[in-house]
Structures are given as structure tokens and as C-alpha cells.
Amino acid sequence: MSDTVAGLLTIALLVALLAAAWHPLGAWIARVFSDGRHWRVERLVYRAVRVDPDSEQGWRAYATSVVAFSVVGLVLLFALIVAQTHLPLRQGSAGMGLTTAVNTAISFVTNTNWQSYAGEVGMTPIVQTVGLTVQNFVSAAVGLAVAVALMRAIARRGEGVIGNFWVDLVRGVVRILLPVAFVGAVLLLAGGVIQNLSAPTTVTGVSGVEQVIRGGLVASQEAIKELGTNGGGYFNANSAHPFENPNPATNLLEIFLLLVIPFALTRTFGLMVGDRRQGWALAGFAGLLWGTGVALVTWAEVHAASAATGSMEGKEQRFGVWASALFAASTTGTSTGAVNSMHESYSPLGGGVLLGNMVLGEISPGGVGSGLYGIVIVALLAVFVAGLMVGRTPEYLGKTIGRREMTCAATYILVMPVLVLAFTGLSLALDGPRSTMLASGPHGLTEVMYAYASASNNNGSAFAGLTADNPWYNLTLGACMLIGRFLPMLLVLRLAGLLVEQQSRPATTGTMPTHTPLFVGLLTGIAVVVAGLTFFPALALGPIAEALS
Amino acid sequence: MASRNTSSTSRQLVAALRMMLVLTGLLGVVYPAAVWVVGRVGFDDQARGSLVRRDGVVVGSSLLGQNFTGERWFTGRPSASNYSGDTSGGSNLAASSPDQRKAVRERADGYDAAYGTNAPADALTASGSGLDPQISVANARAQAPRVARANGLTEQAVRRLVDEHTQGRTLGFLGEPRVTVLELNLALERMTR
């Protein structure tokens, strides 16, 4: 079988699996967050935490809970990382410097999982498990909660409350992430991903050369790392490491896990706003962007494969070019950031598309929760632009998109580009940060811009040639992750507060339908134009210049 | 109705702290332990790292590539970390970089000199993990004559060994055909002993 046929069949199988999961998982998520009853284990949690699960919150209280939970998570994780070398199971770990620890704590709490450390020596098994695995779950659950709160706000009419954050958090963990992650972890185990607490052992290899074989509770972390669109590798090589991703079947499973919730949430959206066609439209939009990304990256890498090096630099033999490109396009489109091949070694066009996937704002289909609310923001922008064209007050799903709503949406759109472009420019202007680039010329610009785009979009993948473990990058990238995660989140909750108070405007013949292929086309156009206008100059100096030279 | 008892920030922080601790117990202890138990009971070999033994002594993992030095062994792909188990990762070099061009040229010349044939892509490039356990079938076949000579075996016998250890695509279409170097070398050693 030729590579092309095998590659196309791989993509077809992935799409079939995602399509099969879309319906039931999307419906299940909608049920979980509309259910009036609590499970027994959830009641136990609420009692232990002492929150009233039956009282709902307005947007301010909801946002306060989000921030409080994240601040506490941040402080605890930071403390754990700093203390790690004094805890049991150190296993020779060197620990981390302070700015690295700050960067890492922010990174995992913001669902970014940017890593300026190498997992093998930077992290003890205790922190990997009790710290990072936990944040992989809860940071995804926070994103999910905020997306659900926005859906409720669109569906409800003339109310003041958008749900209870603690209930949404616990249900997201207990009823969705934990069961799926457990099944995923067992499948990964069966495929060869390790799950042990052995200390690193030195063995004498077949030809007499010594090698260290490391242990770790990897399977349990790997499953939620993909499912929660987190992406932080147990090992430095991330999902390229054979202990994290041993064969082509586990590779497909990992790609499936990182796409499954973001896509299913479009179905949840349709169900929760009471019009399934709306979910189809958003799924179509995200699918179109994802498909285009996969096609372009694959084309670029296969095309580069006609050179002598076959574009296999940084790629694993068991995956080859096709399954590497598929993983790369999916991980950058979902804000996951796990890698099964080294993005910096991609061809200029391939690497440029990966960067493009991020600067679109992580909406193809984006991270768990954050992708969905990012798509809704683009939809608001689309109805606003369409409204301007025909001179009609824009509305979306019965809600008027007025000045205050648009201010939230527009500010949301601006946050990420400002962070990326300002910090990239600053890093290139200063001598210190500039000296830590691996590459020079256009590829060097791409390297730095990729880092800030990755951090500000909470992706976490890297053009890993950049030596980012120094105070400048640790702290500025940390700031990007923090602002890039929570400012948009707060704007979404503010928007939810505005929308939930509105009554529903009845649809008339003048209302623009938002479930048609035409609207999907408009959405795509808006998303591409906004990112294009913002980033074209920088992309022209980076990947485009490199491709042409 | 809006949140009488969950509105003040300090109360929220206390609730957040309790929630974080409870969830840490569930997700950071119970969940990994449960997966660990499943591993012990159902997938012990995989959970421990698919270790490979020779005469009862662990010599490596079938999942991890290793350094093979000496003419008599098949060799794996170039590795940016020299197959260290402590520093996995790739070179991160772009094809356009002068360092990469130089490295590829040297590998191509070396391969050509050793085997008299153009090197396949996997022999010219460093893997993503630095621990790639496998090579392409073409790469293994090209090495066969050299390995046969060094071990005093017929080329035909070594070729057959390569064929026996060639792994096709999973389900016929997932991933790439490949040869796991560690297993191939162990089989080679059994043949010559």
C-alpha cells in the first residue's frame, strides 16, 4: 500500500471515530450540565468543600470562583514544584529554578503546558502525578465550565444566573473527563505506555553501551494530557517518546482523544441552545478549518519529502510523515501542544501552517471549552459584520448583540494578537533574549513568534530550538499564558452575564440564519481575515520569507 | 437567589482550597493508582516498559532504541541525544539550517561509503525522540550485507532475518513499515552463538 493511500485511510478512520463519538458524547455533555440531580460521590465532594450545589451564581460570582480556584491551584502547584526535591521519590531529579517553577505552575493551571524544563530531570514522579496530572484534569474542567456557562446564558431568558461553578467543575471532572481518561489510560497501557514507579535503572545494552531506562506513572497522565487538550509531556520528547506513544495505534488514539471533546462540544452547544442545526454549523466551521490545516501541513511535509532528507528530521519511523503531520495539525488546532514530532524541523510551509493554526485563536476546533467559546466569539463578530452590511441590529440566537456585547467580543479578539506581537517584537529588540535563539534569519523570527503564539493561545507546543529556560522567557511567556487564558475567560463570563439578562428576540424574515452553509462560509472568512490582517506582516517575515528563499 | 453563601472572595478562596485538595486526592492519587492496578493485573509487561532480557538480564526495552557500536550490529537512526534515556528529544534543526545541511551531507557520504547505496530518509535524519527503536525496511536491507560479512553469515540468511523482523503497517494502513533494531540484533546474536 502506498503512503498516500495509507495516510488517507488513517485520516478517514480518525474522522469516522470522531463522527461516531460526536453524537453521543455531545448529548452526554449537554445532559451532564442540565441534570437536576447530583450523584452520590458529587454530594460527598460538595459536603467536604462546603458549597451549596443547588444555588446558582451570577456572572461575577461565577468569575470569582473561577479565579479563586485557579489562584489556589497556581499557588499549590508552585509550592509543590519548589518543594519537590525535598519530597519522597526524588529519583535524581535536579528540581527547578524559581522562574522555571513560576512558568511551569502558570503553564499547567492555564491549560497551556508550555514546558521550559525537560520532564526527565526537571520533575519528580510526585509532582508529575499529584500536581500536573491533577491540573490536566481541572484546567480542562474550568474551560468546560466557562463554555457551558456561556451556552446557558444564550439559552436562558431574562435571568440573572448562569450556573454554579463548583457544580460544573465537579461534574466535568467526575462524569466526563475521569471516565473517558480512565478508559483511554487502560487502552494506552495495553498498547505499551508505561505505568510504574521504578527508579531510573541503568542497563547494559546488547552491544555493551549503557542506557538509562526511566519509569513513571505515564499512562494515567498521557490519557488526560490529550483528552484535556493539555499537552505537557511526561518526558522531554513528549508524544514522540516511545514510552508515551509506542505505536501507530496509540498514536491514532491520542489524536482522537485530543479532538473528541472540542468537536463534541459543538453538538452540546446545539442541544443547549435548543437548535441542533447551530451545532452542525459550528462543527462544520471547526471541521473545515481543521481539515484545511491537516491538508496543508500534510501536503507541505510530503512535498518536502521529495528532498533527500525526506522531511523525516524530528519524526519517528513508526509514524512516518502522514501520521506526524496529522498529529501536528490536530495538536496546534486544539491548543493541546503535545507533539509526536519536532515542529521546528518541519518545512517552512508546514511549520507556518502550524503557527497559523494557533494565531487563528485556537478555534479549529480549539481546546476543551476554550475552543467552543472562541468559536462563539467569532460567530458574534460574523453577525456583527453582516449586520453592518444590511444596516440591521445584529442578533445571534435571539439575543441582541449590542455595543456592550460587541465590546466584550472585540476585546477578546484583541488580547491574543497584542500579546503575541508585542512580546515577539520586544524579544527581538533586546540583545539578551535574541541570543537564545537556535536559528537565525526568518526561521529565528518564526521560532520566537511561535513561542509567544503558543503561550498566549494556551497551546504549549514549541519550536523547541529556542532556549526558553531563562528568566526573560519564563516570565514573559508566563505573563502571556496567564493573560491569554484568564482575560478572555472573564470577558466571556461578562458576555454571559449580559446575554442571560436579555429576553429572546423572536426570529423574523429579516433575521440572518446562523445554521446555513452561507453562515459557515462567513464565519470562516471572518476568522481567516481577522488573523490574516493581524499577522500577515509577521508571517511574511517569518515562514513565508523562509519558504521563498 | 444569586449565591448568598458563595459570593465573598475570601469564602470562595477557602472553598477553592478545599476543592483543590479533594480533587487532588481523587485525580492525583486514586486515579493513577487505579490505572497502576490495572497495569499490574492485566498488562504487567507493558506497564514495566516492555523490557527485553538476555539470559535473564535486562538489556533494554523493545520500545527504546539504543546505541549499537561495532560492525556486527544493525544500527538505528541518528539520534540528537545519542540514545540517552535521560535527555529525549530531537535536533530541532530546520532543513534550511547550515548545521542540518552539513549533518545530512556527512551522513549521506558515510552511508554511501559503507553500503554503496543512497541512504533512505530515516538514515539521514535524527528522530523526534532520540530514542526511535526502529528503522525503515530499506535501511535494514542495505545494512544486511555488511552485517552478514562481520558475523560470518550468508547475506541470504541475514536478509531472511530482516524479513522475519519486518513489521507491516498496523491494520494494514496505520503507521509505517519498520524493523525494530534491538529485536533484530538479538535474533542475529542467537543465530551466531
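Counting restarts for each chain: residues are numbered from 1 in the order of the written sequence. Whichever chain is written first is A, and whichever ligand is written first is 1; the rest continue in order. Totals for whole chains, interfaces and linings use all residues, but because this is a predicted model, local features are given only for residues with pLDDT of at least 70 and pairs of side-chain atoms are given and counted only at 80 or more. Based on all heavy atoms of the structure, the side-chain values leave hydrogens and waters out of the count.

### Notes on the domain arrangement of chain B
Item 1. Domain annotation of chain B identifies domain 1 (9–45) and domain 2 (50–192).
Item 2. An automatic or database domain assignment is the source of the domain bounds shown. Between domain 1 of chain B and domain 2 of chain B, the C-alpha centre-to-centre distance is 40 Å.

### Regarding the pairing of strand S2 (residues 201–204) of chain A
Two faces belong to every sheet, and in a regular strand the side chains alternate between them.
Residues and elements named next belong to chain A.
Item 1. Paired strands, in this sense, are two strands between which DSSP finds at least two bridges. Note on conventions: DSSP H or I runs of at least 4 residues are helices, E runs of at least 2 residues are strands, and numbering of each starts at the N terminus. As judged from the four bridges shared by S2 and strand S3 (residues 210–213), these two strands associate in the antiparallel manner. Bridge pairing in S3 links Thr204 to Glu210.
Item 2. Between S2 and S3, which pair antiparallel in sequence order, lie five residues; one of them, Gly208, sits at a positive phi of approximately 95°.

### Section: the side chain of Asn113 of chain A
All names here are of chain A.
Item 1. Relative to the elements of secondary structure, Asn113 occurs in the loop between helix H4 (98–109) and helix H5 (119–122).
Item 2. For each residue, the accessible area found with a 1.4 Å probe, counting protein chains only, is set against the maximum for its type, and the residue is called buried under 20%, exposed over 50%, and partly exposed in between. Note on Asn113: relative accessible area 0%, which makes it buried.
Item 3. Under the rule applied, a polar contact is a pair of N or O atoms within 3.5 Å (in protein, one hydrogen donor and one hydrogen acceptor; residues adjacent in sequence only if both atoms are side-chain atoms). There is a polar contact of 3.1 Å between the side chain of Asn113 and the side chain of Asn136.
Item 4. Working rule for contacts: check all heavy atoms of both residues, and any pair within 4.5 Å makes them a contact. Not counting the four nearest positions on each side in its chain, Asn113 is found in contact with Ser107, Phe108, Asn136, Asn230, Gly231, Gly232 and Gly460.

### Concerning the side chain of Arg77 of chain B
Item 1. Within the secondary structure, Arg77 of chain B is located in the loop between strand S2 (57–61) and helix H3 (98–115).
Item 2. Arg77 of chain B sits in the buried class, given a relative accessible area of 2%.
Item 3. Polar side-chain contacts of Arg77 of chain B include one of 3.0 Å to the backbone oxygen of Asp122 of chain B.
Item 4. If sequence neighbours within four positions are ignored, Arg77 of chain B has contacts with Met312, Lys315, Glu316 and Gln317 of chain A together with Tyr83, Asp122, Thr125, Ala126, Ser127, Asp132, Gln134 and Ile135 of chain B.

### As for the interface of chain A and chain B
Item 1. Contacts between the two partners involve 99 residues from chain A, matched on the other side by 90 residues from chain B.
Item 2. When two components associate, each loses some accessible surface as probed by a 1.4 Å sphere; the sum of these losses over both components is called the buried area. Between chain A and chain B lies a buried interface of about 7800 Å² when both sides are counted; carbon and sulfur atoms form 66% of it.
Item 3. For chain A, the biggest contributors to the area lost against chain B are Val206, Glu313 and Gln317 of chain A; these three give 11% of the whole.
Item 4. A pairing counts as a salt bridge when a side-chain nitrogen of Lys or Arg comes within 4 Å of a carboxyl oxygen of Asp or Glu. Our count for the contact surface shared by chain A and chain B stands at three salt bridges.
Item 5. Summed over the shared surface of chain A and chain B, the result is 34 residue pairs in polar contact (both at pLDDT 80 or more).
Item 6. Considering each element in turn, the side of chain A that touches chain B owes the most residues, 12 residues, to helix H7 (residues 165–191) of chain A.
Item 7. In the scheme used here, Gly and all other residues not listed as nonpolar or charged are polar, with Ala, Val, Leu, Ile, Met, Phe, Trp, Tyr, Cys and Pro taken as nonpolar and Asp, Glu, Lys and Arg as charged. Of the residues belonging to the side of chain A that touches chain B, the class tally is 57 nonpolar, 30 polar and 12 charged.

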